[in-house]
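Residue strings, one per chain:
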Amino acid sequence: VDVTSNSIRGSSDRSVLILTSLAGSPKHGYALIKDIQEFAGVTLGAGTLYGALAKLEEAGLVEALPEQDRRRPYQITPAGRDQLRERLSESARIAEVGLRRIQEALS
Amino acid sequence: MTWLLWLYPRGWRRRYGAEAARVTAELVHHGDLTRRRAALDLIAGAGLAWSRVLNRPGSVDLAVRNAAFTVVVPGLGGFWLPWWLATRSGPFAPVAWPAVPVIAAGLALYVWCVWNFAVVGRGTPGPWDAPSRFVAAGPYRWVRNPIYLAALLVVLGQAWLLQSLAVLAYAGAMAVGFHLFVTGYEERTLRRRFGPAYLEYRRTVSRWLVRPPVRGQAG
């Protein structure tokens, strides 16, 4: 449990972006980058993408599917989904507090 | 640009290298990233991959054990003793500076060997703290006992640098000692511990003669 929660912290943003993308459907590397570009406006490179994927795979949060057309798709695991939900709820809570405080300071 | 993948640890490169190269090519081809950005990202990724290897549990302990071994065994036998032998009769007087690259080559080979013991085998070169996995990577694909050859290079280099017959004789004694230890203890122990994997390795890689590795051999 410790290993998984630590692995998603640290360089958390990339891991959350990848897990969010995979929460919809399995994707191979280039499709992942394009999807993340679309919903987050960030373009990951191959080095940081596969660096983060290796970490997530080792932690059991994503898994590789058999190669198709010489590309290897990745899918989120149930543990990955749980971690993502936890992380996003936490972010949502922080976002709510932050937005409320900005609002209060203005009024 | 794919040469940058050589910056990555071998395990990562084997698993993700081909995909990362393909995705990089696609990103540059479609104009998602400039070549410069893609190259910088590959360098950043190598840093991430290495930090994961080096942050594995027990890595600090492993580094300390290897440093301690290096200071005590090769430090005493490979440096302190030859210098004591050479400078016993007079002051330190290096005369053959071309010997320095020989010593440096021996040191580099030693570091490469220890790196393989630590990263691949998670152990040290000391027989009392040896890796639990069979290490047949890096220099061990060229010759079975590179660490002893590294020690001989360093000591022979010092004999040359200091023009000392005593150190040369010491190197000769070391070579005989190494051979007896390897054939009398190490090879038997390895055979008992690793069985067929070791016998196959022994069949393909020479004990003392450095030969290019056969392609496809377990590394």
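This report concerns the structure included in the present document.

Calculation criteria
Residues numbered from 1 in each chain as written. Chains lettered and ligands numbered in written order. Predicted model: local features only at pLDDT ≥ 70, side-chain atom pairs only at ≥ 80, totals over all residues. Heavy atoms only, no water. Helix = DSSP H or I, 4+ residues; strand = E, 2+ residues; numbered from the N terminus. Buried < 20%, exposed > 50% of the residue type's maximum accessible area, 1.4 Å probe, protein only. Contact = heavy atoms within 4.5 Å. Expected span 1.5 Å × (residues − 1). Bend = angle between axes of the 7 residues up to and from the residue. Patch = residues over 30% accessible without salt bridge, like charges linked within 9 Å, V, L, I, M, F, W, Y side chains within 5 Å. Areas by Shrake-Rupley, 256 points an atom, 1.4 Å probe, with all protein chains shown as cover. Salt bridge = Lys/Arg side-chain N within 4 Å of Asp/Glu carboxyl O. Phe/Tyr/Trp six-rings, centres within 6.5 Å; stacked < 30°, edge-to-face > 60°.

**Some points on the overall build of chain B**
Step number 1: Broken down by element type, chain B carries 7 helices and 0 strands.
Step number 2: Mapped from its N terminus to its C terminus, chain B presents α and β elements in the order α-α-α-α-α-α-α.
Step number 3: When the 219 residues of chain B are sorted by exposure, 41% land in the buried category.
Step number 4: By sequence separation, contacts in chain B at least 24 residues apart represent 72% of the contacts at least 6 residues apart.

**Focus: unusual backbone geometry**
Step number 1: For arginine 70 of chain A, which is not a glycine, the phi torsion comes out positive at approximately 65 degrees.
Step number 2: Along the polypeptide, arginine 70 of chain A turns up in the loop between β1 (62–64) and β2 (74–76).
Step number 3: Backbone geometry places glutamine 163 of chain B, a non-glycine residue, at a positive phi of 50 degrees.
Step number 4: Along the chain, glutamine 163 of chain B turns up in the loop between α5 (146–162) and α6 (165–194).
Step number 5: What makes glutamine 163 of chain B exposed here is its relative accessible area of 52%.

**Topic: helix α1 (residues 10–29) of chain B**
All names here are of chain B.
Step number 1: The end-to-end C-alpha distance of α1 is 27 Å, a good match for the 28 Å that 20 residues give at a rise of 1.5 Å each.
Step number 2: In the structure, α1 departs most strongly from a straight axis at tyrosine 16, where the bend amounts to approximately 60 degrees.
Step number 3: All buried positions along α1 are accounted for by Trp12, Arg13, Tyr16, Gly17, Glu19, Ala20, Val23, Thr24, Glu26 and Leu27.

**Considering a nonpolar patch on the surface**
All names here are of chain B.
Step number 1: Together, Val71, Val72, Val73, Leu76, Trp80, Trp84 and Trp128 make up a nonpolar patch on the protein surface, roughly 800 Å² of accessible area in all.
Step number 2: Topologically, valine 71 is positioned in helix α3 (residues 59–87).
Step number 3: Overall, the relative accessible area of 59% leaves valine 71 in the exposed class.

**A look at the pattern of salt bridges**
Step number 1: In total, this model carries 14 salt bridges over all chains according to the counting rule given.
Step number 2: A salt bridge links glutamate 67 of chain A to arginine 72 of chain A, with the shortest nitrogen-to-oxygen separation between them at 3.5 Å.
Step number 3: Three or more residues are tied together by salt bridges with common partners; here these are Arg144, Glu187, Arg202 and Arg207 of chain B.

**Concerning the packing of aromatic side chains**
All names here are of chain B.
Step number 1: Tallying each qualifying case throughout the model produces 13 aromatic pairs over all chains.
Step number 2: Residues phenylalanine 134 and phenylalanine 194 carry aromatic rings whose centres are separated by 5.2 Å and whose planes lie at 40 degrees to one another, so their mutual orientation is tilted. Taken together, the positions of phenylalanine 134 in the loop between α4 (99–119) and α5 and phenylalanine 194 in helix α6 put the pair 60 residues apart, joining distant regions of the chain.
Step number 3: You can call phenylalanine 134 partly exposed: its relative accessible area is 25%.
Step number 4: Here phenylalanine 194 falls in the buried class, since its relative accessible area comes to 18%.
Step number 5: Summarising the aromatic geometry, the rings of tyrosine 148 and phenylalanine 178 are spaced 4.5 Å apart at their centres and angled 45 degrees between planes, so their arrangement reads as tilted. Here the residue tyrosine 148 occupies a position in helix α5, and phenylalanine 178 occupies one in helix α6, the gap between them amounting to 30 residues.
Step number 6: According to the relative accessible area criterion, tyrosine 148 is buried, its value standing at 12%.

Limitation: the analysis is restricted to geometry and does not speak to function.
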